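The chain contents come next:
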Amino acid sequence: MNISKIKSFREKLKNSYTIGPFSKTSDPAFIEILGYAQFDFVILDLEHGPNSVETLQNLIRAAQVADILPIVRVKENNLSIIGEVLDIGAAGIQIPKVENAEQAKMYINQVRFVPNGNRGVCRFVRAANYSAQNRFDYFKDADNIIVIMQIEGQEAISKLDEILEVDGIDLIFIGPYDLSQSVGIPGQIDHPLVTEKMMEIINLCNQHNVVVGTFVDNMENALKWKKAGVKYLSYSVDTGIFYEASRALTDKLRSLE
């Protein structure tokens, strides 16, 4: 576990903003490329991606090789996988569809060791260099893991004050597409009502001094939400980025005279 990388990431969140895509591929080469392209983080997606814990560990290795922070979005309502993902070296956990403080506390309990939680203890894992790391250093270092809670619906917004009171949350991530669906306009992420709800979340988080993140898939929205104070900007998806670059290239090549 690269504690210095996590600490520098936290410092950047305080003083500036960070950028990184979601990843839905299973090829470690793509993750290395994202690192060499100088993204700050990559969200390895188990919720809407094809990977398992077994394939995920090689993606995390690739992220570490290329010096990009590996954040893993786990599946909804699957507590058991949190410990497995942390054991193979994830630097952060992103948890979807958090709706109340009780859920948030339950997830924190799975991420942190005693006294901050009740994560299952094993030092013979990749995150502890397979027991090569001093056990006490490992247990202390592991509690630096970045914890991200996703807020994606009206119920969660109504209880956000309570959620933000839970100790151990590093970052609130707004899922704009699910949020648009929750207010009855699925996919209309630029609708004034969605913008209003997102600003409500951002303002509450600012009051609690909690960093905010969101997903964007164009430069206009990246600038819009950066100006609004979002510091964890997830720009698009690796598959979409590759498609758009490829399609732009083929369009140019087919227009040759």
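Residues numbered from 1 in each chain as written. Predicted model: local features only at pLDDT ≥ 70, side-chain atom pairs only at ≥ 80, totals over all residues. Heavy atoms only, no water.

## Brief notes about the side chain of threonine 25
The topology assignment puts threonine 25 in the loop between strand 1 (18–23) and helix 2 (28–36). At a separation of 3.1 Å, a polar atom in the side chain of threonine 25 contacts the side chain of aspartate 238. If near-sequence neighbours (up to four positions away) are discounted, threonine 25 is found in contact with Phe30, Asn51, Leu59, Asp238 and Thr239. (Helix = DSSP H or I, 4+ residues; strand = E, 2+ residues; numbered from the N terminus. Polar contact = N/O pair within 3.5 Å; in protein donor to acceptor, adjacent residues only side chain to side chain. Contact = heavy atoms within 4.5 Å.)

## Digging into helix 11 (residues 219–227)
For helix 11, the complete set of buried residues consists of Asn221, Ala222 and Trp225. The buried residues of helix 11 all sit within an arc of 105° when viewed along its axis, so they share a single face. Set apart from the buried face of helix 11 by more than 90 degrees, the exposed residues are Met219, Glu220 and Lys227. Those residues of helix 11 hidden inside the fold are in contact with helix 10 (192–207), strand 7 (211–216) and strand 8 (232–237). Regarding helix 11, its N-cap is asparagine 218, as a side-chain oxygen of that residue lies 3.2 Å from the backbone nitrogen of glutamate 220 further along. Of the residues flanking the end of helix 11, it is glycine 229, one or two places downstream, whose phi is positive at about 110°. (Buried < 20%, exposed > 50% of the residue type's maximum accessible area, 1.4 Å probe, protein only. Arc of directions from axis to C-beta.)

## Topic: the packing of aromatic side chains
Each aromatic ring pair is characterised by the separation of its centres together with the angle its planes make. Tallying each qualifying case throughout the model produces ten aromatic pairs. For the pair phenylalanine 173 and tyrosine 232, a centre-to-centre distance of 5.9 Å together with 85° between the ring planes defines the contact as edge-to-face. Of the two residues, phenylalanine 173 is situated in strand 6 (residues 171–174) and tyrosine 232 in strand 8; the sequence distance between them amounts to 59 residues. Assigned by exposure class, phenylalanine 173 and tyrosine 232 land together as buried. Here the aromatic cluster, defined as three or more aromatic residues joined through ring pairs, consists of Phe9, Phe22, Phe41, Phe173, Tyr177, Phe215 and Tyr232. (Phe/Tyr/Trp six-rings, centres within 6.5 Å; stacked < 30°, edge-to-face > 60°.)

## A closer look at the packing of helix 2 against helix 3 (residues 53–65)
At their nearest, the axes of helix 2 and helix 3 sit 8 Å apart, and the two run at 25° to each other. By the angle between their directions, the pair helix 2 and helix 3 is classed as roughly parallel. Relative to helix 3, helix 2 is oriented so that their crossing is right-handed. In contact with Pro28, Ile31, Glu32 and Tyr36 of helix 2, helix 3 contributes Asn58, Leu59, Ala62, Ala63 and Val65. (Axes fitted to C-alpha atoms, helices over the stretch in contact; angles between N-to-C directions. Parallel < 35°, antiparallel > 145°, perpendicular 65-115°, else oblique. Left-handed = near helix turned anticlockwise from the far one by under 90°.)

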